[in-house]
Amino acid sequence: MSADTGLDVVTGAVSYTGRSITELLLAQGRSVRTLTHHTDRAHGLGADLDVRPYRFDDGRALAATLEGVSTLYNTYWVRFTHGGASFEAVANSRLLFEAAADAGVRRIVHISITNPSADSELPYFRGKALVERALVATGASHAIVRPTVVFGRGDVLLNNIAWLLRRLPLFAVPGSGRYRVRPVHVDDVARLCVAAGAEADDMVIDAVGPEVLTFEDMVDVVRRAVGSRARLVHVPLAAVPVLTRLLGLLLRDVLLTTDELRGLMAELVTTDGPATGEIAFSEWLAAEGDHLGRKYASELARHFRVPATA
Ligand SMILES: NC(=O)c1ccc[n+]([C@@H]2O[C@H](COP(=O)([O-])OP(=O)(O)OC[C@H]3O[C@@H](n4cnc5c(N)ncnc54)[C@H](OP(=O)(O)O)[C@@H]3O)[C@@H](O)[C@H]2O)c1
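What counts, and at which threshold
Residues numbered from 1 in each chain as written. Predicted model: local features only at pLDDT ≥ 70, side-chain atom pairs only at ≥ 80, totals over all residues. Heavy atoms only, no water. Helix = DSSP H or I, 4+ residues; strand = E, 2+ residues; numbered from the N terminus. Contact = heavy atoms within 4.5 Å. Expected span 1.5 Å × (residues − 1). Salt bridge = Lys/Arg side-chain N within 4 Å of Asp/Glu carboxyl O. Buried < 20%, exposed > 50% of the residue type's maximum accessible area, 1.4 Å probe, protein only. Domains from an automatic or database assignment. Buried area = accessible area lost by both parts, 1.4 Å probe. Polar contact = N/O pair within 3.5 Å; in protein donor to acceptor, adjacent residues only side chain to side chain.

Here we look at the side chain of Ser93
Here comes step 1: Relative to the helices and strands, Ser93 resides in helix 3 (residues 88–103).
Here comes step 2: Not counting residues within four places of it along the chain, the set of residues in contact with Ser93 comprises Tyr76 and Val131.

As for helix 3
Here comes step 1: The end-to-end C-alpha distance of helix 3 is 22 Å, a good match for the 22 Å that 16 residues give at a rise of 1.5 Å each.
Here comes step 2: Each element contacted by the buried residues of helix 3 is listed here: strand 1 (7–11), strand 2 (31–36), helix 2 (59–64), strand 4 (71–74), strand 5 (107–111) and helix 4 (123–138).
Here comes step 3: Gly104 sits one or two residues past helix 3 and shows a positive phi near 80°.

Quick notes on the pattern of salt bridges
Here comes step 1: All chains considered together, the criterion is met by 19 salt bridges.
Here comes step 2: For Glu278, the salt bridge identified is with Arg191, shortest N-O distance 3.9 Å. Residue Glu278 is located in the loop between helix 9 (258–265) and helix 10 (281–288), and its partner Arg191 is located in helix 6 (residues 186–197); the two are separated by 87 residues in the primary sequence.
Here comes step 3: Residue classification places Glu278 among the exposed residues on the basis of a relative accessible area of 60%.
Here comes step 4: Overall, the relative accessible area of 29% leaves Arg191 in the partly exposed class.
Here comes step 5: Each member of the salt-bridge network shares a partner with another, and the members are Asp4, Asp8 and Arg30.

Some thoughts on the domain arrangement of the protein
Here comes step 1: Domain boundaries assigned for the protein yield domain 1 (7–150 + 183–207) and domain 2 (152–181 + 211–303).
Here comes step 2: Summarising the inter-unit geometry, the C-alpha centres of domain 1 and domain 2 are found 25 Å apart.
Here comes step 3: The interface of domain 1 with domain 2 comprises 32 residues on the first partner and 34 residues on the second.
Here comes step 4: Note on domain 1 versus domain 2: buried area summed over both sides is about 2700 Å², and carbon and sulfur give 57% of it.
Here comes step 5: Taken together, the links from domain 1 to domain 2 amount to six salt bridges.
Here comes step 6: Taken together, domain 1 and domain 2 are joined by 17 residue pairs in polar contact (both at pLDDT 80 or more).

Here you go:
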């Protein structure tokens, strides 16, 4: 293995999980370069963060952004098809891994999802499996970190559940609400990633929190933490796309796709193995509940409305 250059690349440092990974690496005295579509976004991570555009349009230019890099932490993903964007995320991830291999990056830490499967009908879980496969095929030293639902400052899904609970008298729980989740804190995901970056062996780690909750219990914990009086009502699965589309039209956003909901209900975002995260969702909420959901977090505004730099 080549020598450690002290420089790592973290994709999406100006966004969510990549930010936590970057903070941890910077605190360890490492130099960090980030790849993003939002090169102009204020990040507050210090002047030393080297911000570069994703160059999926040019393999050589992409490899140039990875020259002299010890570890690539890859968070890149596109949640759903919208407008022109699609599951090009799989092809782009492959390009990124190949560019990293060409540039001689010594280790790749890749963020995936719990229970990816190439046989899945759900594009997210199938795409993630294909990306993992592409990473393994490069032959690069790698770690795959598979998170469940991630919570922490800057999150979209739980923030918006809190936002809805704060404003509406009713909250629709799809189906029985008894499907399980194991929320993991974004800083735990970052810690697992950075620890995996320091290893040499190929590995796969689930990033799952210490608490296992049903979806309904999770919503209820959020409800209590934000002081909401909303009633939780069960609605049939068929009604959910109508409700989310209606809310999406009002908010000019995509709240949750039917495929994401199907993944949630099929318990694809939980695992039976030991917890790897330490921060308990309910304890975090007790401390942060007052802030959660005060402002709506738009996925479309965050990722789809600003033109890509490359
Ligand atoms: N958040 C969760 O609850 C969760 C749960 C399980 C797994 N994961 C996985 O963890 C990784 C990080 O997730 P995250 O929520 O922290 O993501 P994120 O920070 O919002 O985005 C990660 C990277 O992907 C890029 N990206 C996101 N959406 C895009 C779009 N529509 N078009 C083009 N580029 C896009 C971002 O670009 P910019 O840098 O320009 O923002 C960023 O570089 C992903 O692989 C995700 O699948 C997340």
